[in-house]
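Structure at a glance
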Amino acid sequence: MNGDSPISIRNLSVLYGDHLALKDVSLDIPAKRITSIIGPSGCGKTTLLKSLNRLLDTDDGVRVRGQVLLDGEDIYAPRTEVTRIRRKMGLLSQRPQVLPMSIYDNVAYGPRIHGLRSRKELNERVERYLRLAGLWDEVEGRLREPASLLSVGQQQRLCLARGLAVEPEIILGDEPTSALDPQSSQNVERRLLELKRDYTVIVVTHILRQARRIADHIAFLYLGELVEQGPAAEVFAAPKDPRTRAYLTGEIS
Amino acid sequence: MNALAANHLGRRKRTDLVFRVLAAASAVMVLLALLLILGTILWKSVPALSLSMLTRTPKGGFYLGREGGILNAIVGSVYLALGATALALLLSLPVVLYLNVYKGRTSKTAVWTRFFLDVLWGVPSIVIGAFGFVIMLALGLRASLLAGILTVALLEFPIMSRAIDEVMRLVPRELKDASASLGATRFETAVKVLVRQTAPGILTGVLLAMGRGIGDAASVLFTAGFTDRVPGSLADPAATLPLAIFFQLGTPFPEVQERAYASAAILTLIILVISLAARAMNRKVNRHVVK
Amino acid sequence: MRLLKDALARRAMAVIAALPGLLVLFIVIGLFLRSKAILGVEPLSRFLFSSAWSPMKGEFGLLPFIAGTMWVTLTALALAVPVSILTAIYLSEYAPRWARRAAQPVIDLLAGLPSVVYGAWGVILVVPFVGNVLAPLAGVYSSGYSILAGGIILAIMTFPTIIHVTLEVFASVPRALREASLSLGATKWETTRHVVLRKGAQGILAASVLGFSRALGETMAVLMVVGNVPSVPRSLFDPGYPLPALIANNYGEMMSIPRYDAALMMAALVLMLIVLAFNVLARGILIRVERKVR
């Protein structure tokens, strides 16, 4: 049933105290495509993204109803092991969040935590994923330097490499280019386009042009409601819902 | 391989649990320490606690376990704390207004002034007491209510200033500027807008400092003297509750030591009331100050 | 007229802003002037490092008192730092919101209790506990009035300072950074250890130094339980005689023995300078940490 959709969201509602942040959202994420979640700010895009790897758990007073099926398994089921869920997804946040350690250790952090001890394998992994994130050539000689010395654009690619190093199936991006200059943004976008060959990518964005450039699939959220979803070409060419049309033409933002 | 991974995950989760329990246990321990202290003091004080302790001054043999109460110390402490708090407020308000009106929050002067307030806060009260003693000798005073007030004011000053400063920093720049643009000079802005806006916060700071002042013994040891009488003027020596407790505990008579616990319970109660009042005020600030 | 008032107020306030700094300076100078007399008789090195203390014979060696201070304070810190940091970790990383809110008044109250109350409690409970339970367990005799009793009480008194500052340090670590670690599949403890503690290391150090300098100067509570024997302690169960206790205990007779007052004022000055140094160190680190976060 979920053959080509690693994540199925079923009737998901999220409450912050009394505030209903997500209303009954159902959505199938297509495998090895880029799905872009668009919508005005404050409409639940980040909440939806964080519900996928249970980062919402860290908020106080949050209640989640409904299901999120990851490879057919409900991640909100009581017996589900949350660290295993999170391991299947790499997260890129709005501003790059490098850990307070060296460039090498940032990438090796995940594998080490999950029990990889062999020096040789760690080296291999660090190199492989730094290459995949397009950062290897820039940092090859300075792996021992603190990651905080990198430029913001480099830091974001380092975060990408760090996420990839735990060998996830899915990449989550929460407006991953919003803190970057145009060139670094382009660089990150290009990486994401390459990565969709092997990974399922879900990106929250508030820049419509970015969604047009990279998305295969669109989900439009408005006031916590999933208004419309479908292949990007269709949604952009012929939106079915008047609210989507209004958003795409810039009448609501 | 899979079994190995599962084993590894199990160990990680156990470590997480161990530290969660350890951390929670530490927090509980801190809470228990407080409860244990309050409980012990209250429980020990019950046998000696009586109305006459509150309403009478020591009669001759009080420290031998005979007649009297600790009215002298209660009144002395209240006089001392009120005087010192008033004096400290007189010093604190200008400093804090200066920090928040004339200087932006990041100016160099402001950073240094706050730094020295913090340093001053860290000076041990016994050193403040010794310094108060030096001042007292320099001014030609004897150990008296006045000397005590001066010393305790010095102790309260940094505490009060920092507490009020924290509140005033919450007042948005625009509010200070809005008044200035109406033609008020900055001095008037300072006094009217800031003080009115933060009145409950100022009171919180005042109460906080007073709580510290009334409970401190080391600073008044040299300067306030000790007497069995209620002080009649600023030049008289004055007994204080913390010192009364200290002296009562120092006697070899069990009855008197019990009275020390009763005195400690009274002092704790006073502090409790003051700090509850400060908390209540603080809640008010959080509701009123425009953020 | 109004402008004149403004100008005057500005001038007056500038003076007043310098007040905290001036007061610190005055304290040092004032104590120095009163203690100068001792320096003419006793070289500073002997004053600081001799353990001969008999004011009647004019011998003023501060070593036992400096040693006593260090013993008590370090004992207190060894107990307080782990408990305080773990408590802060619990409150900031693990605790539900209600527990976090309930903790605030507890910490405030611990900070607000007068030190004589701590002392009285120590006499009732801690001293007998050390004398009748801990000392026999360790196989030694102790009256209970000891370094350990002082250290235990001082540790509790230092909790609020260290917990409070550490909590502020933890709060300055961005949430998104924790999420970055969690999203890689790290557990909460792994995140705390590798991210929060590492990011906050300097701040935690500052919190501990601040707690240390608070503990150094604490007088009455320690004085009441530590035994006050002027010799260098050799174990936790020995009595000690910290500097603040020395000053507080002898205010009565200090004017009647020659140079005794100067010696005590010198003790106060030494204490002041030690505390000042640690305080400046801690505040300096904290200001740097704050700047880096911004």
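Below or above, wherever it landed, is the structure these notes cover. Residue positions are counted from 1 within each chain, in the order its sequence is given. Each chain gets a letter, beginning with A, and each ligand a number, beginning with 1, in the order they are written. At least 70 in pLDDT is required for a residue's local features to be given in this predicted model, at least 80 for side-chain atom pairs to be given and counted, and no such filter applies to totals for whole chains, interfaces and linings, which use all residues. Computation of side-chain values covers all heavy atoms of the structure but excludes hydrogens and water.

**Some remarks on the overall build of chain A**
This is how the line gets drawn: The numbering of helices and of strands both runs from the N terminus, where a helix is a DSSP run of H or I of at least 4 residues and a strand a run of E of at least 2. Based on C-alpha atoms, the radius of gyration is set beside the globule rule, defined as 2.2 Å times the residue count to the power 0.38. When accessible area is computed with a 1.4 Å probe and restricted to protein chains, residues below 20% of their type maximum are described as buried, those above 50% as exposed, and intermediate ones as partly exposed. The contact criterion used is simple: two residues touch if any of their non-hydrogen atoms lie within 4.5 Å. Using a 1.4 Å probe, accessible areas were evaluated by the Shrake-Rupley method; residue-level cover was limited to the displayed protein chains. Under the convention used here, Asp and Glu are negative, Lys and Arg are positive, and both His and the chain ends fall outside the count. By convention, charge coordinates are those of NZ in Lys, CZ in Arg, CG in Asp, or CD in Glu.
Per the secondary structure count, chain A includes ten helices and ten strands. Its C-alpha radius of gyration of 18 Å places chain A within 12% of the 18 Å reference for a compact globule of 253 residues. In terms of overall dimensions, chain A has C-alpha extents of about 55 × 45 × 35 Å along its principal axes. With 253 residues in all, chain A has 59% of them scored as buried. Summarising the internal contacts of chain A: among those between residues at least 6 apart in sequence, 67% fall at separations of at least 24. Total accessible area computed for chain A in this model is approximately 10,900 Å², and 47% of it derives from carbon and sulfur atoms. Of the charged side chains in chain A, 36 are positive and 33 negative, and the gap between their average positions amounts to 2 Å.

**Section: the pattern of salt bridges**
Stated precisely, the cut-off is as follows: Definition used for salt bridges: Asp or Glu carboxyl oxygen within 4 Å of a side-chain nitrogen of Lys or Arg.
All told, the structure shown has 29 salt bridges over all chains when counted by the stated rule. The partner of K13 of chain B in a salt bridge is E81 of chain A, with the nearest N and O atoms 2.5 Å apart. One end of the pair, K13 of chain B, is in helix α1 (residues 2–45); the other, E81 of chain A, is in the loop between β5 (73–74) and α2 (82–87), on a second chain. On the basis of relative accessibility, which here comes to 12%, the residue E81 of chain A falls in the buried class. Of the charged contacts in the structure, one is a salt bridge between D165 of chain B and R162 of chain B, with a shortest N-O distance of 3.1 Å. Taken together, the positions of D165 of chain B and R162 of chain B, both in helix α6 (residues 145–168) and three residues apart, correspond to about one turn of that helix. By relative accessible area, which is 0% here, D165 of chain B ends up buried.

**A short note on the interface of chain B and chain C**
The cut-off we apply is this: Summed over both partners, the accessible area (1.4 Å probe) lost when two parts come together is defined as the buried area. Identification of polar contacts relies on pairs of N or O atoms within 3.5 Å, with a donor-acceptor requirement for protein atoms, meaning one able to donate a hydrogen and the other able to accept it, and with residues adjacent in sequence counted only if both atoms are side-chain atoms. Just so you know the grouping, Ala, Val, Leu, Ile, Met, Phe, Trp, Tyr, Cys and Pro go in nonpolar, Asp, Glu, Lys and Arg go in charged, and all remaining residues, Gly too, go in polar.
Each partner contributes residues to the interface: chain B has 76 residues there, and chain C has 77 residues. When chain B packs against chain C, close to 6,900 Å² is buried across both sides, 80% of that on carbon and sulfur atoms. Our count for the chain B to chain C interface comes out at three salt bridges. The interface formed by chain B and chain C holds nine residue pairs in polar contact (both at pLDDT 80 or more) in total. In terms of residue count, the dominant contributor to the side of chain B that touches chain C is α1 of chain B (21 residues). When its residues are assigned to classes, the side of chain B that touches chain C shows 56 nonpolar, eleven polar and nine charged.

**Things to note about the interface of chain C and chain A**
On the chain A side, the residues contacting the 22 residues of chain C number 23 residues. Taking both partners together, chain C and chain A bury about 1,900 Å²; carbon and sulfur atoms supply 59% of that area. Considering only the side of chain C, the residues that lose the most area to chain A are E179, S183 and L184 of chain C, jointly responsible for 32% of the buried surface there. Connecting chain C to chain A are one salt bridge. Here E179 of chain C makes a salt bridge to K50 of chain A, at a shortest N to O gap of 3.0 Å. Linking chain C to chain A there are three residue pairs in polar contact (both at pLDDT 80 or more). Breaking the side of chain C that touches chain A down by element, the ones donating at least two residues are α5 (97–112), α8 (175–182) and α9 (188–199) of chain C. Looking at the side of chain C that touches chain A, the element that brings in the most residues is α8 of chain C, giving seven residues. Residue composition of the side of chain C that touches chain A, by class: nine nonpolar, six polar and seven charged.

**Looking at the side chain of D74 of chain A**
Residues and elements named next belong to chain A. Mapped onto the elements of the fold, D74 is located in strand β5. Although D74 lies buried, it forms no salt bridge, and the closest oppositely charged side chain, R54, sits 7.8 Å away as judged by the N-O distance. Setting aside anything within four residues of it in sequence, one finds D74 in contact with Q67, V68, L69 and T80.

**Points about the packing of α5 of chain C against helix α7 (residues 147–171) of chain C**
Residue and element names in this part refer to chain C. What counts, and what does not: Only the stretch in contact is used when a helix axis is fitted, and all axes are lines through C-alpha atoms; the angle between N-to-C directions ranges over 0 to 180 degrees. Angles are sorted into four bins: roughly parallel if under 35 degrees, roughly antiparallel if over 145, roughly perpendicular if 65 to 115, and oblique for all others. Rotating anticlockwise by less than a right angle from the far helix to the near helix defines a left-handed crossing, while the corresponding clockwise rotation defines a right-handed one.
With their axes 8 Å apart at the nearest point, α5 and α7 run at an angle of 130 degrees to one another. By the angle between their directions, the pair α5 and α7 is classed as oblique. Classified by chirality, the crossing of α7 by α5 is left-handed. From α5, I107, L110 and A111 reach across to α7, where they touch I156, P160 and I163. Each residue belonging to the contact of α5 with α7 can be placed in one class, and the counts come to six nonpolar, no polar and no charged.

**Quick word on the packing of aromatic side chains**
For any two aromatic rings, the description comes down to two numbers: the centre-to-centre distance and the angle of the planes. Short version of the rule: Two rings belonging to Phe, Tyr or Trp (six-membered ring only in the last case) form a pair when the distance between their centres is within 6.5 Å. Interplanar angles under 30 degrees mark stacking, angles over 60 mark edge-to-face geometry, and anything in between is tilted.
Summed over all chains, the structure comprises 15 aromatic pairs over all chains. Each ring, one from F220 of chain A and one from Y222 of chain A, has its centre 6.2 Å from the other, and the planes form 20 degrees; the classification is stacked. In this structure, F220 of chain A and Y222 of chain A share a single accessibility class: buried. Each ring, one from W53 of chain C and one from Y260 of chain C, has its centre 6.1 Å from the other, and the planes form 55 degrees; the classification is tilted. Linking W53 of chain C in strand β1 (residues 53–54) with Y260 of chain C in helix α13 (residues 260–293), this pair joins segments that are 207 residues apart in sequence. For W53 of chain C, a relative accessible area of 17% puts it in the buried group.

**Details of the layout of surface pockets**
Spelled out, the test is: Detection works on a 1 Å grid of protein atoms alone, calling trapped sets that fit a 1.4 Å probe cavities and calling open sets with protein on both sides within 12 Å along at least five of seven lines pockets, with lining residues defined by an atom within 4 Å of a point. Grid points are joined across faces, edges and corners, and a volume is the space filled by probe spheres set on the points.
Roughly 1,100 Å³ of volume is contained in the second largest pocket. Around the second largest pocket, the lining comprises 36 residues; the ones closest to its centre are S92, E93, Y94, R100 and K188 of chain C. Of all the secondary structure elements, the ones that give two or more residues to the lining of the second largest pocket are α2 of chain A, α1 of chain B together with α4 (63–94), α5, α7, α8 and α9 of chain C. Examining the composition of the lining of the second largest pocket, we find that five residues originate from one element, α7 of chain C, more than from any other. For the lining of the second largest pocket, the residue count by class is 13 nonpolar, eight polar and 15 charged.

**Considering the pairing of strand β7 (residues 170–174) of chain A**
Residues and elements named next belong to chain A. Quick note on the threshold: A pair of strands is considered paired only if DSSP assigns at least 2 bridges between the two. When the strands point away from the viewer and the path from the first strand over the helix to the second turns clockwise, the crossover is right-handed.
A large share of β7 lies buried, amounting to five of its five residues. Burial along β7 is two-sided: I170, L172 and D174 and I171 and G173, pointing in opposite directions, are all buried. Here five bridges tie β7 to strand β8 (residues 200–204), and the two strands are oriented parallel to one another. If you follow I171 over to β8, its bridge partner there is V201. As for the winding sense of the linkage, the β-α-β connection from β7 through helix α7 (residues 182–195) to β8 is right-handed.

Remember that the coordinates give geometry; whether it matters functionally is a separate question.
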